[in-house]
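The primary structure of each chain is shown beneath.
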Amino acid sequence: MTLTEMSERRAQIVADAESILNRAEAESRALNEEEVQRYDTLFAEAKSLRDTIERRQRLTDEERSLEISTGRRVETTRVPTSDTLRSFLTGAERELDFDLRALSFAATEGGELVPDGFVPRIERGMKAFGGVREVASILRTDSGIDLPWPTSDDTGNKGVLVTPNQLRTELDAAFSFKTLKAYSFSSGIIRVPFELIEDAGVDIEGELGDMLGERLGRVLAEHYATGTGTDQPEGIATAAAAGPTQTTLGAVTYDELTEILHSVDPAHRANARWLFNDQTLKALRQLKDNDGNPLFTRGSMADGAPETILGKPYTIVQELDDLDEASGRAIIFGDLKKLKVREVRSIRLQKLSERYAEYGQVALLGHMRADSRLIDPGARAVKAFVNAAS
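The notes below deal with the structure included here. (Residues numbered from 1 in each chain as written. Predicted model: local features only at pLDDT ≥ 70, side-chain atom pairs only at ≥ 80, totals over all residues. Heavy atoms only, no water.)

This part takes up the layout of surface pockets. Looking at the second largest pocket, its volume works out to about 250 Å³. Around the second largest pocket, the lining comprises 13 residues; the ones closest to its centre are Arg10, Val14, Tyr39, Phe43 and Ala46. If you list the elements that add at least two residues to the lining of the second largest pocket, you get helix 1 (3-26) and helix 2 (33-69). Of the residues in the lining of the second largest pocket, the class split is eight nonpolar, no polar and five charged. (1 Å grid on protein atoms, 1.4 Å probe; cavity = no way out; pocket = protein on both sides within 12 Å on 5 of 7 lines; lining within 4 Å. Points joined across faces, edges and corners; volume = space filled by probe spheres on them. Helix = DSSP H or I, 4+ residues; strand = E, 2+ residues; numbered from the N terminus. Nonpolar A, V, L, I, M, F, W, Y, C, P; charged D, E, K, R; others polar.)

Dropping the structure here:
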């Protein structure tokens, strides 16, 4: 397993362990025996991976040192460390770029060890608000130039049975394009007290990482879910084809859920999942089929099986409409990998040294570029449950 793979695995383990605690906290209860066992197992695995990553990184650093001593050129990628951040905050530089590709692993080739408290905390903060982002296809690019994505609805064509020497007929495919752009997003101004910068005992990487991740996570989550697609990303709720319409505003029935599920083409249903907000989940947990069996199936901590609705997993997206919002879109179902999220890989930190100097503060701005588009030619892979008009 490579350093990248180990670090990605460690990040996933930490997220899984965190979800155990969050679920119990949301239900105002202590961890049960199964959850305690699962949490301890995850924690032990994460610690083991961290130790392995550190050992591998020390070896990489030593090999790089040997390369330098022999006169070979070493390519480096600058990533933030504690000293880098503090030097940036107190020095003359006004901008600092770091690679978004480093969000999920511990080191970059030729670079220094990324501190646990900074870049991974940005990713964790973005995940906390990134329901759609967590299930979409993420494309990370070096630049922000327009990225055309070809689409073709070829479902009306099929091959033919032929005999020897028979003329083969032409079946042309009609192609079109959707363009992924790179819209700019800002964290807004973050005011950092000088005391926080100067105090070496303060987890400045963690504090700034949380703030940047949560702020960028909130605005990206909103646009990936409900963006209009005009001069901004196209949200999944906006782009999804209309499926069944709600009969009674504020409610959803077993029959309606079945209609939503079967509105998605069977070819795309195997990897499909539900999207809805927490209030809709509450309503769905109370639903039963015609035989009185709950539609909601609790997952298993032991084997990692997810909670499901009608046998399909779900993801909470708080930005989606409630069931009682007239003509809203409260439930999305389908193969969500059809949503392409394009993120330019670098996040830029901009420093405003003088603006709040009289308050004993340095101001920071985080900048990121991204876009999203649903690639679903034929509108068969993703469907939206449309609320009643009144």
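Once the structure has been displayed, the description carries forward.
So, about the pattern of salt bridges. All chains considered together, the criterion is met by 14 salt bridges. The closest approach of N and O atoms between Glu27 and Arg29, which form a salt bridge, is 2.6 Å. Close ionic contact of Glu343 with Arg133 constitutes a salt bridge, the shortest N to O distance being 2.8 Å. In this pair, Glu343 is assigned in strand 12 (residues 339-344) and Arg133 in helix 5 (residues 131-135), connecting sequence segments 210 residues apart. Owing to a relative accessible area of 6%, Arg133 belongs among the buried residues under this scheme. One network of salt bridges, in which partners are shared, links Arg133, Glu134, Arg140 and Glu343. (Salt bridge = Lys/Arg side-chain N within 4 Å of Asp/Glu carboxyl O. Buried < 20%, exposed > 50% of the residue type's maximum accessible area, 1.4 Å probe, protein only.)

In this section: the nonpolar core. The nonpolar side chains of soluble globular proteins are, as a tendency, buried together. By size, the foremost hydrophobic cluster in this structure holds 26 residues, and its most contacted members are Val132, Ile236, Leu275, Ile332, Leu336, Leu339 and Val382. Contributions of two or more residues to this core are made by helix 5, strand 5 (183-193), helix 7 (204-226), helix 8 (236-239), strand 12, strand 14 (361-374) and strand 15 (382-386). By residue number, the principal contributor to this core is helix 7, which donates four residues. Among residues more than four places away in sequence, those in contact with Ile236 are Val132, Tyr224, Ala225, Leu275, Ile332, Leu336, Leu339, Leu374 and Val382. In this structure, Ala272, Trp274, Leu281 and Phe333 belong to the second largest nonpolar core, which totals 20 residues. (Core = buried A, V, L, I, M, F, W, Y, C linked by side-chain atoms within 4.5 Å. Contact = heavy atoms within 4.5 Å.)

For strand 10 (residues 312-316), a buried count of four out of five residues is recorded, marking the element as mostly surrounded by other parts of the structure. Pairing geometry for strand 7 (residues 273-276) and strand 10, over three bridges, is parallel. Bridged to Phe276 within strand 10 is Ile316. Bridge count between strand 9 (residues 308-309) and strand 10: two bridges; the pairing is antiparallel. The residue of strand 10 that forms the bridge with Ile309 is Lys312. (Pairing = 2+ DSSP bridges.)

Count 3.6 residues to each turn of an α-helix, and residues three or four apart come out pointing the same way. Of all the residues in helix 11 (residues 278-285), the buried ones are Thr280, Leu281 and Leu284. Along helix 11, the residues classed as buried sweep out an arc of 105 degrees about the axis, all on the same side. In helix 11, the exposed residues that point more than 90 degrees away from the buried face are Gln279 and Lys282. Where helix 11 is buried, its residues touch helix 9 (254-263), strand 7, strand 8 (296-297), strand 9, strand 10 and strand 11 (329-334). (Arc of directions from axis to C-beta.)

So, about the environment of Ile309. By the secondary structure assignment, Ile309 is in strand 9. Among the residues examined, Ile309 registers a relative accessible area of 0% and is labelled buried. Residues Ile309 and Trp274, spaced 35 residues apart in sequence, show a C-alpha to C-alpha distance of 7.9 Å. With near-sequence residues (within four places) excluded, Ile309 lies in contact with Leu257, Trp274, Phe276, Leu284, Leu295, Phe296 and Tyr314.

With that settled, consider helix 9. Buried within helix 9 are the following residues: Glu256, Leu257, Ile260, Leu261 and Ser263. Projected onto a plane normal to the axis of helix 9, the buried residues spread over an arc of 165 degrees and lie on a single side. Opposite the buried face of helix 9, by more than 90 degrees, sit the exposed residues Glu259 and His262.

This part takes up the side chain of His223. Summarising the element assignment, His223 is placed in helix 7. A polar contact of 2.9 Å, which involves the side chain of His223, links it to the backbone oxygen of Val219. (Polar contact = N/O pair within 3.5 Å; in protein donor to acceptor, adjacent residues only side chain to side chain.)

This part covers the sheet that holds strand 10. The sheet built from seven strands is open, its strands ordered 6-15-11-7-10-9-8 with mixed pairing. The open sheet has two free edges, formed respectively by strand 6 (241-245) and strand 8, since each of these has just one partner strand.

Let us look at the packing of aromatic side chains. Under the counting rule described, the total for this entry stands at five aromatic pairs. Taken together, a centroid distance of 4.3 Å and an interplanar angle of 40 degrees make the contact between Trp274 and Phe333 tilted. Pair noted here: Trp274 is in strand 7 and Phe333 is in strand 11, with a separation of 59 residues, a long-range link. Note on accessibility: Trp274 and Phe333 belong to one class, buried. Among the aromatic residues, those joined into a cluster by ring pairs are Phe276, Phe296 and Tyr314. Against the face of Tyr359 rests Arg191, its NZ or CZ located 5.2 Å from the ring centre. (Phe/Tyr/Trp six-rings, centres within 6.5 Å; stacked < 30°, edge-to-face > 60°. Lys NZ or Arg CZ within 6 Å of the ring centre and 35° of its normal.)

Attention shifts here to the environment of Ile53. Note that Ile53 resides in helix 2. Residues Ile53 and Met6, 47 residues apart in the sequence, show an inter-C-alpha distance of 7.2 Å.

Purely geometric numbers; function is a separate question.
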